[in-house]
Structure formats: C-alpha cells, structure tokens
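Observations on chain architecture
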Amino acid sequence: MTIAQRESFLAGAHVGVLGVRDTRPGALEPLLVPLWYVYEPGGEVVVQTGRESLKARLIREAGRFSLCVQDERAPYRYVSVAGPVVSVSDPADPAERAAMAHRYLPPDEAAAYLRSTKDQLTDDVTFRMRPERWRSADFSTFAAELV
C-alpha cells in the first residue's frame, strides 16, 4: 500500500487488535486485545481503556503499543502500526468517548451504549500513539495477477 492508502485504511472504522509487551512473570507473549480506536491520516492512534486494566498498566510500563486492523473480505488487506505513547488523558474526554461510540455504532445504539456505560467516563483513560513503524498489504494486487 502507498502511504495514503495505508493511512486511509487505518482511518476506516475497523475493530483493531492492540498488542503490548506483557511483563507479568511467566508471560511469554504480548497481550493482544480487540478494541475501538480512532485515527486520522497524519495523526495519532487514539485508544481508550480502563485506568486500572491490565492493558492500561502494560501500556504505561512499555510506553508504546501496536495496533493491527484488517479487512476480512477478499481480497484481504491489513495495516499494522507501532509506536510510542505521546500523551495520556486521565480521565478520558467525554466528547472523544462519544465520538468513538458513534464511529462504531448506529446513532440510537451509540446513545444507549453511552448511557449504559457512563461510569466509564471516570474510570477510562485515553492513550495517544504516534505511528513509527508501519506494515501493510493489499492482496487485491496479487489477486489481479491471478486472472
């Protein structure tokens, strides 16, 4: 993918899989968890999670994380980014949380979700990551060569 293509793809509403080094005793692999995120081309990757969650603790310890998003429909595409955390907002901004819910859910469902999870406004933090390393693939090019 070109830079513009990968940034545009990452900006789409995909469920991301966040990866962060797991420093717990006996942990042999990174922690990988699906989550909602926001990204605008040229900007930072924004994720929110519970302040006391394992995910938040490991992100704070590592000072960085990775995110991978994919299109599961053929021809397959994916983008992964990794980089340092450049800021933490504690608590999470209510407007950012609402925008994220509306990004992933229809308006009525987003409103209901926000009402039912309003306590998370005091429990969540926002991490912003500056993408440094990118990996991407668009298998439509490969598929076109097969025809």
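Residues numbered from 1 in each chain as written. Predicted model: local features only at pLDDT ≥ 70, side-chain atom pairs only at ≥ 80, totals over all residues. Heavy atoms only, no water.

1. Digging into helix H3 (residues 94–104)
Defined as follows: Residue exposure (1.4 Å probe, protein chains only): buried if accessible area is under 20% of the type maximum, exposed if over 50%, otherwise partly exposed. Only DSSP runs of H or I reaching four residues or more are called helices, and only runs of E reaching two or more are called strands; each is numbered from the N terminus. Directions pointing from the helix axis toward each C-beta atom define the arc. We call two residues contacting when some pair of their heavy atoms lies within 4.5 Å. In protein, a polar contact means a hydrogen-donor-capable atom and an acceptor-capable atom, both N or O and within 3.5 Å, with residues adjacent in sequence counting only if both atoms are side-chain atoms; elsewhere, any N or O pair within 3.5 Å suffices.
Those residues of H3 not exposed but buried are Arg97, Met100, Ala101 and Tyr104. All buried residues of H3 lie within an arc of 100° about the axis, which places them on one face of the element. Considering only its buried residues, H3 is in contact with strand E3 (45–50), helix H4 (107–116), helix H5 (120–123) and strand E6 (124–129). Where H3 begins, the side chain of Asp93 points an oxygen toward the backbone nitrogen of Ala95, at a separation of 2.6 Å.

2. Overview of the pairing of strand E5 (residues 77–89)
Applicable threshold: In this description, strands pair whenever DSSP reports at least two bridges between them.
As defined by bridge partners, strand E4 (residues 64–71) adjoins E5 across 8 bridges and the pair is classed as antiparallel. For Val69, the partnering residue across the bridge sits in E5 and is Val79. Taken together, E4 and the strand that follows it, E5, pair antiparallel across an intervening segment of 5 residues. As defined by bridge partners, E5 adjoins strand E7 (residues 133–138) across 6 bridges and the pair is classed as antiparallel. Looking at E7, one finds that Ala82 is bridged to Arg133. Summarising the sheet, E5 and E6 pair through 4 bridges and their orientation is antiparallel. Considered in E6, the bridge of Ser87 is made with Arg128.

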